[in-house]
Amino acid sequence: MRFLGNIEAKTDAKGRAFLPAVFRKELQQAGEEALVMRKDVFQDCLVLYPETVWNAQMDSLRARLSRWNAAQQQVYRQFVSDVERVTLDGNGRFLISKRYLRMAAIGQDIKFIGMGDTIEIWSRERAERPFMEPEDFKRALESLMEDNA
């Protein structure tokens with residue numbers, strides 16, 4: 001599964017949005033029926049995980065944490081407790097709860113960004129600004145690629 005690109009959309013008055021057709025097609029081809037949504041840990045955006053990707057993330061995190069360490073249990077609890085299962089209706093719409101819209105400072109105008117195995121939902125206003133300044137991006141990418149060459 002490879003979600004690519006960015007697509008502008010709108011939510012309706014109830015907070016419903018259409019998952020872009022290109023992303024729906026990718027889900028169908030992979031045999032994915034369920035999505036999981038949570039606020040991103042680092043950014044003011046929402047992340048849609050296909051269920052198999054979400055389960056792999058949970059397994060990976062669980063494997064790194066001890067059930068006998070209180071702080072690590074709190075990290076795991078925080079990560080897995082604040083999620084919602086997302087169901088697409090027959091038209092490809094899904095509901096973004098008011099709580100999630102507030103948490104990510106998202107209004108009616110949104111942007112879907114394909115991030116490989118996940119889909120991010122951003123406020124269109126925020127997503128139109130550069131995530132990094134061009135020179136900072138160039139230096140960071142150059143450094144990463146040199147380190148991994």
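By convention here, each chain's residues receive numbers from 1 onward along its written sequence. The predicted nature of this model means local features are confined to residues of pLDDT at least 70 and side-chain atom pairs, given and counted, to a pLDDT of 80 or more, with totals for whole chains, interfaces and linings taken over all residues. Where side-chain values are given, they derive from all heavy atoms of the structure, hydrogens and water being excluded.

## Here we look at unusual backbone geometry
The phi angle at Ala 105 is positive, at roughly 50°, despite the residue not being glycine. Mapped onto the elements, Ala 105 comes out in the loop between helix H4 (98–103) and strand E7 (109–114). Exposure categories follow from relative accessible area, calculated using a 1.4 Å probe and restricted to protein chains: below 20% of the type maximum is buried, above 50% is exposed, and the middle band is partly exposed. Judged by its relative accessible area of 53%, Ala 105 falls in the exposed class. Only runs of H or I of at least four residues qualify as helices and only runs of E of at least two qualify as strands under DSSP, and these elements are numbered from the N terminus.

## Structural notes on the environment of Ser 66
Structurally, the position occupied by Ser 66 is in the loop between helix H2 (51–64) and helix H3 (70–81). With 10 residues separating them along the chain, Ser 66 and Tyr 76 place their C-alpha atoms 9.6 Å apart. Whether two residues are in contact is decided by their heavy atoms: any pair within 4.5 Å suffices. When sequence neighbours within four positions are dropped, the list of residues in contact with Ser 66 reads Gln 72 and Gln 73. Here a polar contact is recorded for every N or O atom pair within 3.5 Å, except that within protein the pair must consist of a potential hydrogen donor and a potential acceptor, and residues adjacent in sequence are included only if both atoms are side-chain atoms. Here Trp 68 takes part through its backbone nitrogen, which lies 3.0 Å from a polar atom of the side chain of Ser 66.

## Here's the deal with the packing of aromatic side chains
Any two of the Phe, Tyr and Trp rings considered here, Trp counted by its six-membered ring, make a pair once their centres fall within 6.5 Å; the pair's planes then place it as stacked at under 30 degrees, edge-to-face at over 60, or tilted in between. Under the counting rule described, the total for this entry stands at 5 aromatic pairs. Each ring, one from Phe 3 and one from Phe 23, has its centre 5.6 Å from the other, and the planes form 90°; the classification is edge-to-face. With a gap of 20 residues between them, Phe 3 in the segment before strand E1 (6–10) and Phe 23 in helix H1 (residues 21–29) connect regions that are remote in the sequence. Comparing Phe 3 with Phe 23 shows no difference in burial state: the two are buried. Site record: aromatic cluster; members linked through ring pairs are Tyr 49, Trp 54 and Phe 79. We note Arg 62 situated over the ring of Tyr 76; from NZ or CZ to the ring centre the distance is 4.2 Å. Two conditions define a charge located above a ring, namely a distance within 6 Å from the ring centre to NZ of Lys or CZ of Arg, and an angle within 35 degrees of the ring normal.

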